[in-house]
Amino acid sequence: MKIAITSTGSDLSSSVDERFGRAKGFVIYDTENNTLEFADNDQVLNTPSGAGIQAAKHVTDLHADVLLTGHCGPKAFRALNAAEVKIYTGIKGTVQDALNAFNENKLELASDADVEGHWV
């Protein structure tokens, strides 16, 4: 399984980025291989609109099964949901904190977007 975590940096000690569409990037943790990779999100950081949908495509192109993030807007939520990515919102702390909470089943699966579109 691949877990994508919105992140301000490239490693486990980086802070979770509360924004999905305009996150600095995604730490991808592969549970099968116990590996980490960082995928930057630079291509959408300054776009005037559509950042959430573009970021959702990026996450699905990375073959993520799960997304851990602070917040996710409605269009991104629908795109990720259509790709069968499980979404967990309200995530705070470090990437390591997020992974620990996920592995300890302390997170609740999101049933819908938790912010309006164009949330900053």
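Predicted model, so just to flag it, every value in this text is computed and none were measured. (Residues numbered from 1 in each chain as written. Predicted model: local features only at pLDDT ≥ 70, side-chain atom pairs only at ≥ 80, totals over all residues. Heavy atoms only, no water.)

## Focus on the pairing of strand S2 (residues 25-30)
Going by this rule: Three labels apply to residues, based on accessible area from a 1.4 Å probe with only protein chains included: buried if under 20% of the type maximum, exposed if over 50%, partly exposed otherwise in between. The numbering of helices and of strands both runs from the N terminus, where a helix is a DSSP run of H or I of at least 4 residues and a strand a run of E of at least 2. At least two DSSP bridges between two strands are required for those strands to pair.
Within S2, 6 of the 6 residues are buried, which leaves it mostly tucked inside the rest of the structure. A two-sided burial pattern is seen for S2, the buried positions comprising Gly-25, Val-27 and Tyr-29 on one face and Phe-26, Ile-28 and Asp-30 on the other. Direction of pairing for strand S1 (residues 2-7) relative to S2: antiparallel, over a ladder of 6 bridges. When the bridges of S2 are listed, Thr-6 appears paired with Phe-26. Pairing geometry for S2 and strand S3 (residues 35-40), over 6 bridges, is antiparallel. In the sheet register, Phe-26 faces S3, and the bridge partner there is Ala-39.

## Quick word on the pattern of salt bridges
Going by this rule: The working definition used for a salt bridge is a side-chain nitrogen of Lys or Arg within 4 Å of a carboxyl oxygen of Asp or Glu.
In this structure the tally under the stated criterion is 3 salt bridges. The shortest N-O distance in the salt bridge between Arg-19 and Asp-17 comes to 3.0 Å. Judged by its relative accessible area of 33%, Arg-19 is partly exposed. Among the residues examined, Asp-17 registers a relative accessible area of 5% and is labelled buried. A salt bridge links Glu-104 to Lys-106, with the nearest nitrogen and oxygen atoms 3.0 Å apart.

## Describing helix H4 (residues 95-103)
Test applied: This arc is taken over the directions from the axis of the helix to the C-beta atoms. In what follows, residue pairs with any heavy atoms lying within 4.5 Å of each other are defined as contacts.
For H4, the full list of buried residues reads Val-95, Ala-98, Leu-99, Ala-101 and Phe-102. Looking down the long axis of H4, one finds its buried residues gathered within 160 degrees of arc, a one-sided arrangement. Those residues of H4 that are buried are in contact with S1, S2, strand S4 (66-68) and strand S5 (86-88).

## Some points on the packing of aromatic side chains
Put simply, the rule is: Aromatic pairs are defined between Phe, Tyr and Trp rings, using the six-membered ring for Trp, whenever the two ring centres lie within 6.5 Å; interplanar angles under 30 degrees are classed as stacked, those over 60 as edge-to-face, and all others as tilted.
The tally for this structure, following the rule as stated, stands at 2 aromatic pairs. Between the aromatic rings of Phe-20 and Phe-26, the centroid separation amounts to 5.7 Å while the plane-to-plane angle is 50 degrees, which identifies the pairing as tilted. Residue Phe-20 is classed as buried on the basis of its relative accessible area of 3%. Accessibility expressed as a relative area gives 0% for Phe-26, which makes it buried. Between Tyr-88 and Phe-102 the ring centres are 5.5 Å apart and the planes differ by 80 degrees, which places this aromatic pair in the edge-to-face class.

Function cannot be inferred from these measures alone, as they are strictly geometric.
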